[in-house]
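If you want the building blocks of each chain, they are given just below.
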Amino acid sequence: MCGIVGYIGKHDAVPVLLDGLRRLEYRGYDSAGVAILADGKISVRKKSGRIANLTDLIAQSPVAGHVGIAHTRWATHGGVTDANAHPHSDQSGRLFLCHNGVIENYATIKEQLISEGHTFKSQTDTEVLAHLIGKEYDALASAPGTARLVKSLRSALTQVVGTYGIILMHADAPGVIVGARRGSPLVLGLGSGENFFASDVSAIVAHTREAVYLKDFDIAVLGANDFEITSLLGGASGYEVSKVEFSADDVSKGSYAHYMLKEIHEQPETIRDAMRGRLVREEATAKLGGLGMTPQQLREVDRIILTGCGTASHAAMCGEYIIEALAHVPVEVEFASEFRYRNLPLPKDTLVFCISQSGETADTLAALREGKRKGLRVLGICNNVASTIARESDGGVYMHAGPEIGVAATKSFTSQVTIMALLGLMLGRIRHLSTTEGLRILDELEALPGKVARILAQSDHIRAVAEKYAHAKAMMFLGRQFNYPAALEGALKMKEISYIHASGYPSAELKHGVIALITPEVPSVFIAPEDSVFEKNVSNIEEVKARKGPIIAVGTEGCDRIAKVADDVLWIPECPDYLSPILASIPLQLLAYYTAVHLGCDVDKPRNLAKSVTVE
Ligand code: M6R
């Protein structure tokens, strides 16, 4: 949420920053801006709307220099206007700042600054922070320059409440960019004769794969050839130089029309990667070494809490069904935003899993910290290996799905559910599952990638179905048992990218109110594979048909009953009930994708959204 890039070095900063912003656009696309330092003066260009608007502005009114900061915004405080676009300056107009996060006490500070004669150009909390740092800077008697800038930053940061990943520069300190983080990610990219700041390494991976991930309270001073990291809490701060695992090619669309389509098609591979090295045939189980727990410790777990937001919370719900079915361990799912403020009874043998693709979602991170504060073992299930959740958890499981750029989560969902199945198998084998049962589950897991590829091969058929219903007034997504969470996920995909209102329910809930919405203009998507509740689903389908509601079904290949009862069927291969949400989610992702494309929606950047929600 919001993207930040900074550059200092031998090249012109503008193309580097614009390229970085384009790669970060998925994190926010309300407005964008750059500030460039040259000849002791900072020039700013900023514009509401997409980065293309900023590029046009720079083409009309060029700017160049070797030091610069840039930002792409997802609006929190203040509307989507040019004035509210970052970077923001202080009162002197010599200090500029880009910010990701929320300054919660900005209103009080602003009031105080106004009473002291400060004037503001925007409604943002960020501009208040810029003025506060500038005020501290002006109040210091020491010589203008880097040391004074860092001192004023420290002093300002001790006065603010909230979250920030910030980078700033001052015309008095032309040889450095300064960054700080608390709650919002910030990384240094190390080059040769050039260095970078970014909120996400994907912005800079085309230039360097050497990265230093800052920790909360770190303050970094970045020159073209050196850097220094200290802590706001005092003294130097330790750091590690990490090698970025992916390349610039991994964050490109390749030949696909959209990132979302590319990521949907990557799923045979990403599901395989989620299992790679974790299936142990000799022991008929899954091994998840990253948990850092012995079989004895895992045997003692008597309750599991799965928490996350959005799609990750749907994966958690799948996990509840899967782990309870395979391992007979009680599982509860909590939205991370609820968990953090709820005073749940948490017996000591409770294990908490925080599920997050980005590993930076503010609510999930807060849930992690709340769990740890209560003395529980909290594990992460993350895709981003360098993320805050991955680093702060007591252990966990990486998805290894590669960068997910499309705002609509796709491959991360199937990786998360696959990991839920691995957990179910592992915990089940420690408890009551026999070797034979374990081996059968392993066979089914190994067959998944091939089955997903078979579904993807039906893309043309799914596109035709999507186009047939694309002008629906609303859509219902219904499923039972393991596929109730898949219905929720199908509805979320449909509404977030096509803007068609869609709701997910357990099929049987229809007659308790939902059925009132059924008309010929409102299709129902039933996830009805040939499982233990197939007949029940068919009865619910008949109820909808009796009210003239069109039926799209996700059905098991070769199932005549579903072909007869539904208007259109999206086929999935036969599989055990507990793995069916993985297969069912694939045609639903494609259904949402092709509907949105047909309606002319911006699939990778749906309105009002951003990838990685780093504010509460
Ligand atoms: O990075 P996370 O997995 O923590 O993100 C959680 C949600 O913000 C995310 O899944 C969101 O709901 C997606 N837009 C859904 O497609």
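In this text the structure is predicted, and so the values were computed from the model without any measurement.

**Re the domain arrangement of the protein chain**
Think of interface size as the accessible area that goes away when the parts come together; that is how it is often given.
Thought 1: The domains assigned to the protein chain are domain 1 (3-251), domain 2 (253-456) and domain 3 (458-601).
Thought 2: Taking the mean C-alpha position of each, domain 1 and domain 3 sit 45 Å from one another.

**So, the packing of aromatic side chains**
Think of a pair of aromatic rings as described by two things: how far the centres are apart, and how the planes are tilted against each other in angle.
Thought 1: Tallying each qualifying case throughout the model produces four aromatic pairs.
Thought 2: Summarising the aromatic geometry, the rings of Y593 and Y594 are spaced 5.0 Å apart at their centres and angled 75 degrees between planes, so their arrangement reads as edge-to-face.
Thought 3: The ring of F120 has K110 sitting right over it, with the charged end atom 5.1 Å from the ring centre.
Thought 4: One Lys or Arg, R148, reaches over the ring of Y137 and ends 4.4 Å from the middle of that ring.

**Regarding the nonpolar core**
Thought 1: Residues L291, I304 and I323 are the most contacted members of the largest nonpolar core, which totals 88 residues.
Thought 2: Considering every element that reaches this core, the biggest residue donor is helix α19 (residues 580-598), with 11 residues.
Thought 3: The two domains that each donate at least three residues to this core are domain 2 (253-456) and domain 3 (458-601).
Thought 4: Every residue in contact with I323, bar those within four places of it in the chain, is listed here: I304, L306, H328, V329, V331, M420, L423, G424 and L427.
Thought 5: Grouped together as the second largest cluster of nonpolar side chains are 33 residues, Y7, A13, A32 and A211 included.

**With respect to the site of the ligand**
Thought 1: In the vicinity of the ligand lie 15 residues, with S356, Q357, S358, T361 and E496 positioned nearest.
Thought 2: Contacts to the ligand include T361, whose side-chain N or O atom sits 2.4 Å from an oxygen atom.
Thought 3: For the ligand, an oxygen atom lies 2.8 Å from a polar atom in the backbone of A409.
Thought 4: A total of 410 Å² of accessible area belongs to the ligand in isolation, and the protein chains cover 88% of it.
Thought 5: Of all the secondary structure elements, the ones that give two or more residues to the shell around the ligand are α9 (310-327) and α16 (483-498).
Thought 6: In the shell around the ligand, the residues fall into seven nonpolar, six polar and two charged.
Thought 7: Three or more residues apiece are contributed to the shell around the ligand by two domains, here domain 2 (253-456) and domain 3 (458-601).

**Some words on the side chain of S393**
Thought 1: Relative to the elements of secondary structure, S393 occurs in the loop between α12 (388-392) and β21 (396-398).
Thought 2: For S393, a relative accessible area of 11% translates into the label buried.
Thought 3: One polar contact links the side chain of S393 to the main-chain carbonyl oxygen of I389, over a distance of 2.9 Å.
Thought 4: If we skip the residues at most four places from it in the chain, S393 touches L368, V378, L379 and G380.

**Examining the side chain of T364**
Thought 1: Tracing the backbone shows T364 in helix α11 (residues 362-373).
Thought 2: Residue class for T364 comes out buried when judged on its relative accessible area of 1%.
Thought 3: Discounting chain neighbours no more than four positions away, the residues touching T364 are T307, G308, C309, A336, C354, I355, S356 and I389.

**Here's the deal with the pattern of salt bridges**
Thought 1: For the structure on display, the rule yields 31 salt bridges.
Thought 2: Across the pair R281 and E446 runs a salt bridge whose closest N-O atoms are separated by 3.0 Å. Of this pair, R281 sits in the loop between β15 (279-280) and β16 (285-286) while E446 is found in helix α14 (residues 435-456), placing the two residues 165 residues apart along the sequence.
Thought 3: Among the residues examined, E446 registers a relative accessible area of 42% and is labelled partly exposed.

**What to know about unusual backbone geometry**
Thought 1: The omega torsion of the bond from H86 to P87 falls at -5 degrees, within 30 degrees of zero and hence cis.
Thought 2: For P87, the location among the structural elements is in the loop between β4 (67-73) and β5 (88-89).
Thought 3: Phi at A284 takes a positive value of approximately 55 degrees, unusual for a residue other than glycine.
Thought 4: Unusually for a residue other than glycine, H328 sits at a positive phi of about 60 degrees.

**Comments concerning the packing of helix α7 (residues 267-275) against α14**
Thought 1: Viewed as axis vectors pointing N to C, α7 and α14 meet at an angle of 170 degrees, and their least axial separation amounts to 8 Å. Of the possible angle classes, the one that applies to α7 and α14 is roughly antiparallel. Between α7 and α14, the residues in contact are Q267, P268, I271, R272 and M275 and L445, E446, L448, P449, V452, A453 and L456, respectively.
Thought 2: For the contact of α7 with α14, the residue count by class is nine nonpolar, one polar and two charged.

**A short note on helix α1 (residues 13-24)**
Thought 1: Given a rise of 1.5 Å per residue, 12 residues ought to cover 16 Å, and the 16 Å separating the end C-alpha atoms of α1 matches this to within 8%.
Thought 2: Every buried residue of α1 is listed here: A13, V14, V16, L17, L18, G20, L21 and L24.
Thought 3: Buried residues along α1 sit in contact with β1 (3-9), β2 (31-38), α2 (51-60), β4 and β10 (194-198).
Thought 4: N-capping of α1 is provided by D12, with a side-chain oxygen placed 3.3 Å from the backbone N of V14.

Rules of the game
Residues numbered from 1 in each chain as written. Predicted model: local features only at pLDDT ≥ 70, side-chain atom pairs only at ≥ 80, totals over all residues. Heavy atoms only, no water. Domains from an automatic or database assignment. Phe/Tyr/Trp six-rings, centres within 6.5 Å; stacked < 30°, edge-to-face > 60°. Lys NZ or Arg CZ within 6 Å of the ring centre and 35° of its normal. Core = buried A, V, L, I, M, F, W, Y, C linked by side-chain atoms within 4.5 Å. Buried < 20%, exposed > 50% of the residue type's maximum accessible area, 1.4 Å probe, protein only. Helix = DSSP H or I, 4+ residues; strand = E, 2+ residues; numbered from the N terminus. Contact = heavy atoms within 4.5 Å. Near = heavy atom within 4 Å. Polar contact = N/O pair within 3.5 Å; in protein donor to acceptor, adjacent residues only side chain to side chain. Areas by Shrake-Rupley, 256 points an atom, 1.4 Å probe, with all protein chains shown as cover. Nonpolar A, V, L, I, M, F, W, Y, C, P; charged D, E, K, R; others polar. Salt bridge = Lys/Arg side-chain N within 4 Å of Asp/Glu carboxyl O. Axes fitted to C-alpha atoms, helices over the stretch in contact; angles between N-to-C directions. Parallel < 35°, antiparallel > 145°, perpendicular 65-115°, else oblique. Expected span 1.5 Å × (residues − 1).

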